[in-house]
2 protein chains.
Amino acid sequence: MSSKPAGRTILASTIAKPFVEEITASVQQLGFKPKLVGFLANGDPAAQMYANWTGKTCEGLGFEYELVQVDKNDLESALMKANKDDNVHGIMVYFPVFGDNQDQYLQQLISTEKDVEGLNFMYYHNLYHNVRFLDPPYNEQKSILPCTPLAMVKILEYLGVYNIILHYGNRLYGKKVLIVNRSEIVGRPLAALLANDGATVYSVDINNIQQFTRGDDLSEQRHKVIDLDSKEHTLESLAPQCDVIITGVPSESYKFPTNYVRNGAVVINFSSNKNFNDDVKQKAGLYVPSIGKVTIAMLLRNLIRLIKNKNHRATLQKTAA
Amino acid sequence: MSSKPAGRTILASTIAKPFVEEITASVQQLGFKPKLVGFLANGDPAAQMYANWTGKTCEGLGFEYELVQVDKNDLESALMKANKDDNVHGIMVYFPVFGDNQDQYLQQLISTEKDVEGLNFMYYHNLYHNVRFLDPPYNEQKSILPCTPLAMVKILEYLGVYNIILHYGNRLYGKKVLIVNRSEIVGRPLAALLANDGATVYSVDINNIQQFTRGDDLSEQRHKVIDLDSKEHTLESLAPQCDVIITGVPSESYKFPTNYVRNGAVVINFSSNKNFNDDVKQKAGLYVPSIGKVTIAMLLRNLIRLIKNKNHRATLQKTAA
């Protein structure tokens, strides 16, 4: 093993920079301070810290941010009030609150017009079905994508994994991507999103490995999922074939085996825990150890998109009246 | 098989365009018409046609072109005369002339200062040893690269195979390239060049398959070559793993098996024969069916570089005097 790696470590702040600039310019163009409200109902000091960091980032980019601390039993009515408040442009909740299915109920209660995280089922439905606009056939209102999967797409674009010479929608053709995480919030929608863009995605969770593709030759319009035979296909056999390895395992102790990473692979961790040992730098072509700063940029980008979509609908209504 | 391919066919003229523009601008800056002399000594009508095409391209870009037809036994003295002629800036010969080792003798007779094709052993030596300048440690005179390998690098850059986020010199890290051709003029130097830039290259000829790499983790400064075990590694087992497949087989009948091409692979043919059947378009991510127009652009780019290197040496001599 050589002492100086052949590849590079790329920080999220570097990737976020052009987006931060774009967002700052967009806010100035709007002529008012968009307001994001974050609801904290779990009393978790880590969530509190994260909320404070979100707040600082928002204010730094010209947004107004309000952190509302409520009792978990009051969260439902607080969300309904914020949905109706014309001064509130974006809403987010620091989950988990109850830590069960009630959290999903609360999440879906947020108006699609203010859902900055893009977590509403309508947005997920569009993502899974490769529907990119809210108003076909006019296609002027872009659908919102969930922040973390969207951040991952922007990171893969920055890293040159998306090949801009290929047609839009097919820019991951030929790429193999392994994702260790199949949560409903990130892992599964991310696998679908990358497969819809042409990749062959291996989605790994504790139970099995699934393959997401639009067919080997992209003959399908949207991806299909199959369960892989666990005897024939293992993490050990698949990972070394992959161009990209993405992990999101919420555990201090979990480490992706460095010897499964092929030399020159793109390696990205989106967990708040460190899913790779440092020796991965000796193998990775490009290594992104965390993505938080890109994710929050996408959250604020979504907020601006929500405002634009709303303005667009208002213009249409005026024209119709 | 779907009727509309997921990938794209890219024409050499598209890739050559920015270079043609750069060359035209450079010639205008020089303030005189650089002169290229082509020697034709084999009476081959195909070579004559190719020579005429070279001539037209040269003149279109602001160069002067002279085609000299000589008897093969007079070629040596004609080359020596052109070497000394200050009005001649670049020299090339349409080979084969004798069709044996004498051709190599004649090739090496061309002054390194006028060798537009970059075929002098000194230039090949630099290529194999990853030496990029003629005047270390000043590094102001760039070494000349043989036209076809250089054209291939520019094509791979255009196609996004070189990843510009990686450090210069490592931009093919993690890429696997198959090259069917191991000629001294193109195939072997090309394999070395791509391995020196970080790729794992499988070089195929009639006898065996060789692997060119700087080590899996690029720990070497320049590439090393090993013969692969022919039982363990076959074209059939290696090709489907490759990101890039390059062919240069000078035969009407040879066709690379389409079923060995992985979906989404980059496929490039540099032979003047068509080494792929049309069905490769159903599998290739990017397909470049011929590269001639990029190669001639590189020839003229080399000519300008030779003039710049000469001017640089002249300035140094004046300063020293």
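Criteria and thresholds
- Residues numbered from 1 in each chain as written.
- Chains lettered and ligands numbered in written order.
- Predicted model: local features only at pLDDT ≥ 70, side-chain atom pairs only at ≥ 80, totals over all residues.
- Heavy atoms only, no water.
- Axes fitted to C-alpha atoms, helices over the stretch in contact; angles between N-to-C directions.
- Helix = DSSP H or I, 4+ residues; strand = E, 2+ residues; numbered from the N terminus.
- Parallel < 35°, antiparallel > 145°, perpendicular 65-115°, else oblique.
- Contact = heavy atoms within 4.5 Å.
- Nonpolar A, V, L, I, M, F, W, Y, C, P; charged D, E, K, R; others polar.
- Buried < 20%, exposed > 50% of the residue type's maximum accessible area, 1.4 Å probe, protein only.
- Pairing = 2+ DSSP bridges.
- Buried area = accessible area lost by both parts, 1.4 Å probe.
- Salt bridge = Lys/Arg side-chain N within 4 Å of Asp/Glu carboxyl O.
- Least-squares fit on C-alpha atoms with pLDDT ≥ 70 in both.
- UniProt positions renumbered as here; feature names shortened; annotations may be inferred.

Peer 1: Quick question: what am I supposed to make of the packing of helix α1 (residues 12-30) of chain A against helix α6 (residues 147-158) of chain A here?
Peer 2: A pair of packed helices can be characterised by two numbers: the angle between their axes and the separation between those axes. Residues and elements named next belong to chain A. In contact at an axis separation of 10 Å, α1 and α6 are set at 105° when each is read in the N-to-C sense. Considered as vectors, α1 and α6 are oriented roughly perpendicular to each other. For the pair formed by α1 and α6, the contact residues are T14, I15 and F19 on the first element and K154, I155 and Y158 on the second. Of the residues assigned to the contact of α1 with α6, the class counts are four nonpolar, one polar and one charged.

Peer 1: How should I be thinking about the pairing of strand β4 (residues 90-93) of chain B in this particular structure?
Peer 2: Side-chain direction in a regular strand flips from residue to residue, so the side chains alternate between the two faces of the sheet. All names here are of chain B. Here β4 shows no split at all, with G90 and M92 on one side and I91 and V93 on the other all buried. Two elements, strand β2 (residues 35-40) and β4, share four bridges in a ladder whose sense is parallel. Opposite V37, over in β4, you have I91 as the bridge partner.

Peer 1: For this particular structure, what's the right way to read the interface of chain B and chain A?
Peer 2: Bring the parts together and some accessible area is lost; that lost area is often taken as the interface size. With 29 residues of chain B at the interface, the matching set in chain A holds 29 residues. Surface buried jointly by chain B and chain A totals about 2400 Å² across both partners, of which 53% is contributed by carbon and sulfur atoms. Broken down residue by residue, the surface that chain B buries against chain A is led by B:A6, B:I165 and B:Y173, which jointly contribute 27%. Summed over the shared surface of chain B and chain A, the number is two salt bridges.

Peer 1: Whenever I open this one, the relation of the copies chain B and chain A confuses me. Can you help?
Peer 2: Two chain copies, one operation linking them: a rotation about an axis together with a shift along it. The transformation that overlays chain B on chain A combines an axial shift of 0.0 Å with a rotation of 180°, and the residual RMSD is 0.0 Å. Taken together, the rotation and translation relating the two chain copies correspond to the operation of a two-fold axis. Here 100% of the contact residues of chain B are again contact residues in chain A; the copies associate through an equivalent surface.

Peer 1: Could you clarify how one ought to interpret the UniProt feature "domain: Tetrahydrofolate dehydrogenase/cyclohydrolase catalytic" (unreviewed entry) in chain A in this entry?
Peer 2: Mapped onto this numbering, the UniProt entry annotates "domain: Tetrahydrofolate dehydrogenase/cyclohydrolase catalytic" (unreviewed entry) at residues 12-117 of chain A. Helix makes up 51% of residues 12-117 of chain A and strand 16%, and the two end C-alpha atoms of the span are 19 Å apart.

Peer 1: Would you mind going over the sheet that holds strand β7 (residues 209-213) of chain A with me for this structure?
Peer 2: Picture the strands of a sheet paired through backbone hydrogen bonds; they go either parallel or antiparallel. All names here are of chain A. Taken together, the eight strands give an open sheet; going across it, the order is β1-β11-β10-β9-β5-β6-β7-β8, and neighbouring strands pair in mixed fashion. Each edge of the open sheet carries a strand with a single partner, namely β1 (8-9) and β8 (224-227). Alignment of strand β6 (residues 200-204) against β7, held across four bridges, turns out to be antiparallel. In the sheet register, S203 faces β7, and the bridge partner there is Q210. Across the sheet, α6 touches β9 (244-247), β10 (266-269) and β11 (286-288), and the angle it forms with β10 is around 150°.

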